[in-house]
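Next come the chains, spelled out residue by residue.
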Amino acid sequence: AALKGGMRFQVSAALREGRVTPTELCQRCLSRIKTTKFLNAYITVAEESALKQAEESEDRYRRGQPLGVLDGIPIAVKDNFNTAGIETTCASNMLKGYISPYNATVVQKLLDQGAVLLGKTNLDEFAMGSGSTDGVFGPVRNPWSYSRQYKERSVLKSHSEDEEANWVITGGSSGGSAAAVSSFTCFAALGSDTGGSTRNPAAHCGVVGLKPTYGLISRHGLIPLVNSMDVPGILTRCVDDAAVVLGSLAGHDPKDSTTVQDNFKSFELPNLIDVSKLSIGIPKEYHAPGLSSEILSLWTKAADLFKNAGAKVMEVSLPHTRYSIVCYHVLCTAEVASNMARFDGLEYGHRSGMNKSTEIMYAATRREGFNDVVRGRILSGNYFLLKQNYENYFIKAQKVRRLIANDFVKVFGSGVDILLTPTTLSDAVPYMEFIKEDNRTRSAQDDILTQAANMAGLPAINVPTALSQRGLPVGLQFIGRSFQEKQLLTVAKWFEKQVKFPVIQLEVKKHSHGVSQHQKSASFS
Amino acid sequence: AVARGCGGFWRRVWQCGAGVPALAPRGQRAVACNARGGAVPAGKSGIASWVPVVGLEIHAQISSNSKLFSGSQVQFAAPPNSLVSFFDASLPGTLPVLNRRCVEAAVMTGLALNCSINKKSLFDRKHYFYADLPAGYQITQQRVPIAVNGSLSYSLCIDNKMSQMVTKTVRIKQIQLEQDSGKSLHDDTRSQTLVDLNRAGVGLMEVVMEPDMCCGEEAAAAVRELQLILQTLGSSQAVMAEGQLRVDANVSVHHPGEPYGVRTEVKNINSVRFLAKAVDYEIQRQIEELENGGTILNETRAFDSKLGCTVPMRDKEGKQDYRFMPEPNLPPLILYDAKSLPANMNHQQVVNIDWIHERLPDLPSVKRAKLVEQYGILPEHSFTLLNEDGLTEFFENVVKQTQMKPKKVIGWILNDLLSYLKQHSLTAKESPVSSFLLAELLNLLDKKEISSTAAKQASTFLILLYVLAELWKAEGKTCLEIVKEKKLELLQDEKELEQICQAVIDGQESEVTMTVVG
């Protein structure tokens, strides 16, 4: 009965009808993970436990008692969520080999509903980055780099057959999760979103990326970047699937005091959607410097789609958005400085051999355990929190954050239902180009269109929209009112139907050779 | 003993202070203290006079089943690291969940200390690296604490005979909720540090007192009164020996009319007696240092109870910047009163200040006043009754069971029973002589069935009575029967009495020892 809504995990229907068993499905995904290993999307593949979970699911189906739509569905989880019994590394030397004794609430909820956990996906160290290039296990490769669409349109231009020079980044920091969904190794993945870390890679990898309202989903067990902005993100192939996963995760968690007390009612998205009564806001400040002309024209076309369907489309202003980057920098680094203080080598994680004194051990542990990006943010954060700087930086940034959030309140108060913006400034750039700039510059540029939603705690979603001239995905972002996920996803689903984003034509066989080599170099680098 | 020990010194100090007019807020207190001193020549410098200023920060461990932000049990002396949740060990991804009982304890304490309770208070992170602070920060209430602007009245005697008491008031700046740290045990021989996280995350109330005190005795009296209040409320067991009440004293001295001097903070004070000693020592040290042309460093010092002096602490070198930051994982703590309480709110989920206020027990000051009024005893006697654990109940039980006037009963209890108990380090609850037996004895005395001479040998008598009770208990004999049997009626001869006691004790030595110990 739950399936009549249409696209909700189409594979779920196949499982129910017995066309495929959970074990077969799991094995197919595991073998797909192997053939796409060169993408470096996974840090840990939990083959054994995944197969065991699949077997249990199979039992339930056999008895005719599946737990729900998610039963038997293979999923992946970003490696900054705690998973009992499976390594949780945050792509950092600090936590290499760390096995948590507990499951994050979101992981537990997925497992409780029968989902099969395939493994943990790659990211920037401690989710600090926008490329998924700065983790200790090496960069994630965008599956679209190996798509027929990209090759046909770009390789000719570059006059080079060398894929090593042309592969593009996934965006980040949840690049592993986005690549995992995009390359069909799993049906849904969890990411985290602090400044755009779910929506940005979703846009670059051509998948749906949902950042729910702050407080709707438990953060318990998510290793924090910025507690006041972090939200578990959902990456799926389509909007309907995102709604299913959201429904299974949302709700109060007694272990996270920042989750809302109200009961969450999970919802199904209608198939017939009327957008004619909607008011769509186009924030003019999102015409940010560096916005590619392709994306600008796609954005305009999207607005026209709504106009033509009878919606009211109007330009709105979010005047403080332009201060978002610098404000975010202060708030983010301050919380990072604080959150990272616990990694001292005593209770868990890496501990340096230098143990002449406790202080020397702390310093060496943290120098060896964290990369330059993390250490840099810790340093600036501590600077902003110093007594003599606190008022000038931290307090000011908090005030600016309030102004940014108030902009949204005003716009939504004026009758706008949903904001439509680009997700990224351009399509994904080649890795070789990306690393020319440092992490800080990149993060500042890449989060520019996504960050404000985190400042205000609002729900936002990336919907894959079209391919760029180079044959790479481009997405647009919808930002909704707080806790109005149903409306947001309904609009996103309507839009998704209109744009008919193409399916990736991934050519994997050729690469299986280069894969093992890459894996080796990645894990020992 | 403390005050007497440095009496000469005090006289020097305060004699000087008394002569100077217009001492602003401090002066009065200096003069008040001086009343004890009497006229004694000034110190070396002749003209200089000093006003000591003492402020206290008191950490009271909240009496609760579980910790402030986790479900781990709270228990003294459990096996190391047996009461540690994932949150207490600061495992990545864990979040704090506020314990309602701790909030109620703080509200109760705030109300008892005449504070205004903040309906909205906030939590902050205070950062420093230490082995027994696993998260690298302590969650505390720096910006907006749960209770502010209170006061505590306490009394102390101004002469050694306990006959003249003065009541003083110290302002309470604030009460904040915060986490306790773990414990580090330094093993110097193997040069390693062992960490026990059982205490990490236990709820503390930090009571910050304004620097309204001026000597060790005042500080000690204030802390003793606070301890009684906490114990009456049940918000903390406040046993100093078990670290449930820890006092840091801020001490400075200055000349009258001048700004406060540089202060030192004396830590690690684990008894009321040591507090008085530590503060007085520190005042004396600072005065001597300054009079010898030295300066006072703004430093943390520890009290060495064996040497009876304060020494600089090594671990806090340099300036600490705690880099305070709002705790992002805890929403503001909202409290309600009858007026603001939303109608549809589940009362299990909210803390109602008025509800707590209505249920506050009688505080020590009220209890004392009632004792004085009801039994006609002297105020200072009411202090002694409350100061000794269980003694009030004992007294009231005896009064109930005897015809003797309470005024007379109190003498027997404070002079004879109490000194006996103290000699044997027993509390009233552990008294080998039950209130019933003592009442019966006093009845005999009152009815002149035994001589008061015999009764005056009370401590001996009580032991005897106790032994007798032990011996005859099984046969269900009464006190009177025992007295008659042992021919104690109007017994005149002390020696004879002692002989009887001795004979009894000799005969039943093992039993006596056992019961006294037990």
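These numbers were taken from a predicted model, which means no experiment stands behind them.

Conventions used here
- Residues numbered from 1 in each chain as written.
- Chains lettered and ligands numbered in written order.
- Predicted model: local features only at pLDDT ≥ 70, side-chain atom pairs only at ≥ 80, totals over all residues.
- Heavy atoms only, no water.
- Pairing = 2+ DSSP bridges.
- Helix = DSSP H or I, 4+ residues; strand = E, 2+ residues; numbered from the N terminus.
- Buried < 20%, exposed > 50% of the residue type's maximum accessible area, 1.4 Å probe, protein only.
- Contact = heavy atoms within 4.5 Å.
- Polar contact = N/O pair within 3.5 Å; in protein donor to acceptor, adjacent residues only side chain to side chain.
- Axes fitted to C-alpha atoms, helices over the stretch in contact; angles between N-to-C directions.
- Parallel < 35°, antiparallel > 145°, perpendicular 65-115°, else oblique.
- Nonpolar A, V, L, I, M, F, W, Y, C, P; charged D, E, K, R; others polar.
- Buried area = accessible area lost by both parts, 1.4 Å probe.
- Salt bridge = Lys/Arg side-chain N within 4 Å of Asp/Glu carboxyl O.
- Domains from an automatic or database assignment.

As for the pairing of strand S7 (residues 165–179) of chain B
Residues and elements named next belong to chain B.
- Note that strand S6 (residues 147–157) and S7 share 10 bridges and pair antiparallel. Residue pairing in the sheet places Leu-156 in a bridge with Val-166 of S7.
- Pairing analysis gives 7 bridges linking S7 to strand S10 (residues 203–209), with the strands arranged antiparallel. Bridge pairing links Glu-178 to Leu-204 in S10.

Looking at the environment of Thr44(A)
All names here are of chain A.
- Its place among the elements puts Thr-44 in strand S1 (residues 42–45).
- According to the relative accessible area criterion, Thr-44 is buried, its value standing at 16%.
- Along the backbone, Thr-44 and Glu-87 are 43 residues apart, and their C-alpha atoms lie at a distance of 7.1 Å.
- Here Thr-44 is in contact with Ile-86, Glu-87, Leu-118, Gly-119 and Lys-120, once residues within four sequence places are set aside.

Notes on the side chain of Asp124(B)
Residues and elements named next belong to chain B.
- You can see Asp-124 is positioned in strand S4 (residues 124–127).
- A polar contact is formed between the side chain of Asp-124 and the side chain of Arg-143, at a distance of 2.4 Å.
- When residues no more than four places from it in sequence are discounted, the contact partners of Asp-124 are Gln-138, Ile-139, Thr-140, Gln-141, Gln-142, Arg-143, Phe-324, Met-325, Pro-326 and Glu-327.

Considerations on the packing of helix H13 (residues 372–385) of chain A against helix H14 (residues 387–413) of chain A
Residue and element names in this part refer to chain A.
- Between H13 and H14, the shortest axis-to-axis distance is 5 Å and the interhelical angle comes to 95°. Considered as vectors, H13 and H14 are oriented roughly perpendicular to each other. Taking contact as the criterion, the partners of Tyr-383, Phe-384 and Leu-385 in H13 are, on H14, Lys-387, Asn-389, Tyr-390, Tyr-393 and Phe-394.
- In terms of residue class, the contact of H13 with H14 is built from 6 nonpolar, 1 polar and 1 charged.

Side note on the interface of chain A and chain B
- Each side of the interface is counted separately: chain A has 41 residues, and chain B has 30 residues.
- With both chains or domains summed, chain A and chain B bury close to 2,700 Å², and 57% of this area falls on carbon and sulfur atoms.
- Applying the counting rule to chain A against chain B returns 0 salt bridges.
- Counting every contact that joins chain A to chain B gives 19 residue pairs in polar contact (both at pLDDT 80 or more).
- Sorting the residues of the side of chain A that touches chain B by element identifies helix H11 (324–339), helix H12 (358–369), H13 and H14 of chain A as the ones contributing at least two each.
- Examining the composition of the side of chain A that touches chain B, we find that 5 residues originate from one element, H14(A), more than from any other.
- Grouping the constituent residues of the side of chain A that touches chain B by class yields 19 nonpolar, 13 polar and 9 charged.

Describing the domain arrangement of chain B
Residues and elements named next belong to chain B.
- In terms of domain boundaries, chain B breaks down into domain 1 (51–326) and domain 2 (364–494).
- Of the residues lining the interface, 9 residues belong to domain 1; the matching set on domain 2 comes to 10 residues.
- Across the domain 1 to domain 2 interface the summed buried area is about 750 Å²; carbon plus sulfur atoms make up 57%.
- Taken together, domain 1 and domain 2 are joined by 1 salt bridge.
- Notably, a salt bridge pairs Arg-368 with Glu-225, separated by 2.6 Å at the nearest N-O pair.

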